[in-house]
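Descriptive structure summary
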There are 2 protein chains.
Amino acid sequence: MGYAETFKALSDPARRQILELLKKGPLSAGDIGSHFDMTGATISYHLKILKQADLIFESKEKNFIYYQLNATVLEEIMLWISSLRGGGKDD
Amino acid sequence: MGYAETFKALSDPARRQILELLKKGPLSAGDIGSHFDMTGATISYHLKILKQADLIFESKEKNFIYYQLNATVLEEIMLWISSLRGGGKDD
DNA sequence: TAAGTATTTAGAAATATTTCTAAATACTTA
DNA sequence: TAAGTATTTAGAAATATTTCTAAATACTTA
């Protein structure tokens, strides 16, 4: 909720990479963490930022928490950027 | 040069507003500043960030420095976001 | 219930960001 | 050249961000 939150979330390389991983499908926090050289606590922090920006959502299953990409907010960002470029038009 | 720089630049409300002002055409640093409740030095700082992110460029004329929007980087950002949503497709 | 696995939360330390004031630069015109 | 206008740079202070370690929570299964 709010462009600042979204852009700030997207400004970190680790968080962008998390989104790219999630593009292929849901992953648990642990799975995500295995791709990074960071502690689980730090991964958890980044996931929280992404969650707060509504860029991902979670679903709990058994002992895991699975994270998924949420495309809705990305659309809004695209619209904002579009309006900047063309004044709302095509190009 | 680099998504981090671009998204970081876009994460600040004042900087986004500067881009929106610039959408209508070039403005001097002073003109831009008149829209904000900040010192000229702070405006200058934000302009530097936007410049470094290649979101704007400047042209000197007389005693003024005029700033203009640079749409090129916005395209790149749009592509990155697009690839996240659809894997490169339409939706 | 007890022990184990997955993840988050709390708190601290290091670093980055934002803003200001004061001074410096750059250019214009009298 | 001198004085004025526009803008940036330097340095400091306040705040925010990122990362860690240690502890807490939540759930599962023996």
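Refer to the structure presented above.
I will try to describe carefully the structure that is included in this document. (Residues numbered from 1 in each chain as written. Chains lettered and ligands numbered in written order. Predicted model: local features only at pLDDT ≥ 70, side-chain atom pairs only at ≥ 80, totals over all residues. Heavy atoms only, no water.)

1. Concerning unusual backbone geometry
Residue and element names in this part refer to chain A. For Asp54, which is not glycine, the phi dihedral falls at a positive 65°. Tracing the chain through its elements places Asp54 in the loop between α4 (40-52) and β2 (56-61). Overall, the relative accessible area of 35% leaves Asp54 in the partly exposed class. (Helix = DSSP H or I, 4+ residues; strand = E, 2+ residues; numbered from the N terminus. Buried < 20%, exposed > 50% of the residue type's maximum accessible area, 1.4 Å probe, protein only.)

2. Quick look at the protein's contact with DNA strand D
In the region of DNA strand D, 21 residues are neighbours, and Thr42(A), Tyr45(A), His46(A), Gly30(B) and Tyr67(B) sit closest. Between Arg15(A) and DNA strand D, the recorded distance is 3.1 Å, taken from a side-chain N or O atom to a phosphate oxygen. Taking Gly30(B), its main chain carries an N or O atom lying 2.6 Å from a phosphate oxygen of DNA strand D. Those elements that place two or more of their residues in the surface near DNA strand D are α4 of chain A together with α3 (29-33), α4 (40-52) and β3 (64-69) of chain B. Element by element, the count of residues in the surface near DNA strand D is highest for α4(A), at four residues. Residues of the surface near DNA strand D, tallied by class, amount to eight nonpolar, nine polar and four charged. (Near = heavy atom within 4 Å. Polar contact = N/O pair within 3.5 Å; in protein donor to acceptor, adjacent residues only side chain to side chain. Nonpolar A, V, L, I, M, F, W, Y, C, P; charged D, E, K, R; others polar.)

3. Some remarks on the interface of chain A and chain B
Listed as interface residues are 23 residues of chain A and, on the opposing side, 23 residues of chain B. For the chain A and chain B pair, buried surface summed over both sides reaches about 2300 Å², with 73% attributable to carbon and sulfur atoms. Per-residue buried area on chain A facing chain B is highest for Met78(A), Leu84(A) and Arg85(A); these three make up 27% of the total on that side. Glu75(A) is paired through a salt bridge with Arg85(B); the nearest N and O atoms lie 2.9 Å apart. Taken together, chain A and chain B are joined by six residue pairs in polar contact (both at pLDDT 80 or more). Elements with a contribution of two residues or more to the side of chain A that touches chain B: α1 (3-10), α2 (13-23) and α5 (71-86) of chain A. For the side of chain A that touches chain B, the element with the most residues is α5(A), which contributes 11 residues. (Contact = heavy atoms within 4.5 Å. Buried area = accessible area lost by both parts, 1.4 Å probe. Salt bridge = Lys/Arg side-chain N within 4 Å of Asp/Glu carboxyl O.)

4. Examining the relation of the copies chain A and chain B
The transform that puts chain A on chain B rotates by 180° and translates by 0.0 Å along the axis, for an RMSD of 0.0 Å. Read as a symmetry element, the transformation amounts to a two-fold axis. Proximity to the rotation axis, assessed at the C-alpha, singles out Phe7(A) in chain A; its C-alpha lies 2.7 Å from the axis. Comparing contact sets, 100% of the residues at the interface of chain A also lie at the interface in chain B, consistent with an isologous, same-surface contact. (Least-squares fit on C-alpha atoms with pLDDT ≥ 70 in both.)

5. What to know about the protein's contact with DNA strand C
In the neighbourhood of DNA strand C, 21 residues make up the surrounding shell, with Gly30(A), Tyr67(A), Thr42(B), Tyr45(B) and His46(B) lying closest. Residue Thr42(B) places a side-chain N or O atom 2.6 Å away from a phosphate oxygen belonging to DNA strand C. Contact between DNA strand C and His46(B): a phosphate oxygen at 2.4 Å from a side-chain N or O atom of the residue. Take the surface near DNA strand C: its biggest share by element is four residues, from α4(B).

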